[in-house]
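# Chains, contacts and geometry: an overview
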Amino acid sequence: MSMPVTDNSAGTTGAAPGRTRASHRLALLTADNASVPLPASVQAITAILLAVLLIALPWLGLGYRFLSIAITTLYTAIGLYGLGLQFGQAGIMSVGHAALMGVGAYASAILSVQLGLGFWTSLPFAMALSAIVGGVIGLPTLRVGGQHYIIITFCFCALFVIVLTNGGTFTGSATGLDVGSVTPLPGINFDKLSNNYYLVLAALFLALAATYLIGISRYGRTLRAIRENEQLARSVGINVDLHKLGVLMVSGLFAGLAGVLQLYYLRHISPTLFGAFPSLYLALMVMLGGARYLYGPLIGAVIVNFLPEVLNLDPVDSRIAYGICLLLVILLLPGGVGAGIKNVYCALTGGSGTQTQGGGSNGRA
């Protein structure tokens with residue numbers, strides 16, 4: 001007597017797609033999608049929404065303190081975009097980036113105090129000097145890299161603070177230098193906080209645009225090739241040294257712009273603003289946000305500047321919170337919060353953001 005045979009293939013077949021979809025979404029959540037651009041429509045909508053939010057911020061009635069923190073966040077993000085270019089695109093990390101911001105800030109302040117030059121006149125000179133110093137400090141990258149270059153940048157930062165502190169009346173010594181307000185434009189007085197905010201916001205939009213254009217350009221693709229395999233890049237004829245120095249000078253240009261904006265917002269600078277701790281905070285921000293993503297530096301700046309305010313933390317508790325956040329990001333989101341947001345989008349859409357390998361922002365979504 002034969003026993004009936006139960007066919008479970010239908011049930012197995014029905015369950016398999018569900019398990020497959022779940023596994024696929026889990027893989028998307030933890031994947032490194034930095035090299036895969038989001039659809040152009042998603043990028044455009046994100047850019048428009050972000051621009052509208054930032055432009056409307058002063059009109060939301062959030063108060064003087066909130067707007068002040070927002071200005072600090074924006075000029076910090078400008079400096080971070082320079083660090084994000086050299087670290088995210090070229091793989092060159094620095095813990096002395098605050099010193100480059102200090103070069104621009106002090107150059108502008110000295111030109112103001114000694115020669116009477118205003119914001120608009122001193123700005124290009126300060127940015128150019130920061131770019132040159134960034135290139136000079138980057139010369140060791142032609143010989144060493146990794147942790148050795150990080151140590152060099154840290155030493156430069158410490159030496160810069162020592163020089164400023166002992167610079168006498170020229171640098172203001174430990175007390176620093178004071179400057180006036182931004183030179184008014186016709187009908188625009190930058191003594192008003194909201195106008196100062198829009199000035200910094202305009203500079204941020206320029207930094208974002210420059211970062212995006214570099215990322216999708218041939219130069220950006222070459223930098224990523226160097227980051228992934230420097231020896232192979234040399235073997236195919238790429239001038240690695242020239243490209244490294246170029247991105248470091250661009251990074252210095254961004255830092256100089258951020259430093260001048262910081263100077264004229266605070267109207268006072270001192271050596272402590274550009275020492276070791278501020279540089280480490282900049283490195284922390286760019287790692288938290290995600291150096292390889294277009295909005296990563298901005299995300300990192302928002303987290304570090306607004307976290308103590310939102311959670312009402314004192315300085316000691318803030319440092320503990322930063323450390324916890326960094327550990328969580330390293331363990332769970334190695335690509336930063338920007339990578340996490342992109343992975344969530346890819347998981348929710350079933351990986352629609354991973355279907356197109358060309359176009360987009362070439363890894364800077």
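Heads up: the structure comes first, above all this text.
Residues numbered from 1 in each chain as written. Predicted model: local features only at pLDDT ≥ 70, side-chain atom pairs only at ≥ 80, totals over all residues. Heavy atoms only, no water.

### Description of the overall build of the chain
Cut-off, in case you're wondering: Per the convention used, a helix needs a DSSP run of H or I reaching at least four residues, while a strand needs a run of E reaching at least two, with both numbered from the N terminus. For the exposure calls, accessible area comes from a 1.4 Å probe over protein chains only, and a residue counts as buried if that area is under 20% of its type's maximum, exposed if over 50%, partly exposed in between. Note on definitions: a residue-residue contact is assigned when non-hydrogen atoms from the two residues lie within 4.5 Å. Each accessible area is a Shrake-Rupley estimate made with a 1.4 Å probe; only the visible protein chains count as cover when residues are assessed.
Scanning the chain from terminus to terminus reveals 14 helices and 2 strands. Within the chain, the fraction of its 365 residues that count as buried is 46%. Within the chain, contacts between residues at least 6 apart in sequence are counted, and of these 81% link residues at least 24 apart. A total accessible area of about 17600 Å² is found for the chain, and carbon and sulfur atoms account for 69% of it.

### Focus: the packing of helix α4 (residues 97-115) against helix α5 (residues 119-138)
When two helices pack together, their arrangement is given by the angle between their axes and by how far apart the axes lie. To keep it simple, the criterion reads: Lines are fitted to the C-alpha atoms to define the axes, a helix being fitted only along its stretch in contact, and any angle between axes, read from their N-to-C directions, falls within 0 to 180 degrees. Helix crossings fall into two classes, left-handed where the near helix is turned counterclockwise from the far one by less than a right angle and right-handed where it is turned clockwise. Note on residue categories: nonpolar means Ala, Val, Leu, Ile, Met, Phe, Trp, Tyr, Cys or Pro, charged means Asp, Glu, Lys or Arg, and polar means any other residue, Gly included.
With their axes 8 Å apart at the nearest point, α4 and α5 run at an angle of 145 degrees to one another. Viewed along their axes, α4 and α5 form a crossing whose handedness is right-handed. In this structure, α4 uses L100, V103, G104, A107, S108 and L111 to contact α5, whose residues at the interface are S122, F125, A126, L129, S130, V133 and G134. Partitioning the contact of α4 with α5 into residue classes produces 8 nonpolar, 5 polar and no charged.

### So, the packing of aromatic side chains
What counts is decided by this rule: Pairing of aromatic rings covers Phe, Tyr and Trp, the last counted by its six-membered ring, and requires centre-to-centre distances within 6.5 Å; plane angles under 30 degrees mean stacked, over 60 mean edge-to-face, and any other angle means tilted.
Using the criterion set out here, one finds 10 aromatic pairs in the structure. Relative to F274, the ring of Y106 has its centre 6.1 Å away and its plane inclined at 70 degrees; by these criteria the two rings are edge-to-face. Taken together, the residues Y106 in helix α4 and F274 in the loop between β2 (268-269) and α11 (276-289) connect sequence positions 168 residues apart. F274 shares its class with Y106; the two are buried. With centroids separated by 5.6 Å and ring planes inclined at 80 degrees, the aromatic side chains of Y281 and Y322 adopt a geometry described as edge-to-face. Of this pair, Y281 sits in helix α11 while Y322 sits in helix α13 (residues 315-332), and the two are 41 residues apart along the sequence. For Y322, a relative accessible area of 8% gives the class buried. Site record: aromatic cluster; members linked through ring pairs are Y106, F156, F160 and F274.

### Structural notes on helix α12 (residues 296-311)
Rules: Any helix carries an expected span of 1.5 Å times its number of residues minus one. Working definition for bend: take the seven residues up to and ending at a residue and the seven starting at it, fit an axis to each, and measure the angle between the axes.
With 16 residues, α12 extends 22 Å from end C-alpha to end C-alpha; this agrees with the ideal 22 Å at 1.5 Å per step. Its maximal kink placed at N305, α12 deviates by approximately 35 degrees, while the proline P308 follows within four residues. Three or more residues of α12 are buried, namely G296, P297, L298, G300, A301, V304, N305, F306, L307 and P308. Each element contacted by the buried residues of α12 is listed here: α2 (40-56), α3 (64-89), α7 (193-216), α11 and α13. Once α12 ends, the next one or two residues include N312, with phi positive near 55 degrees.

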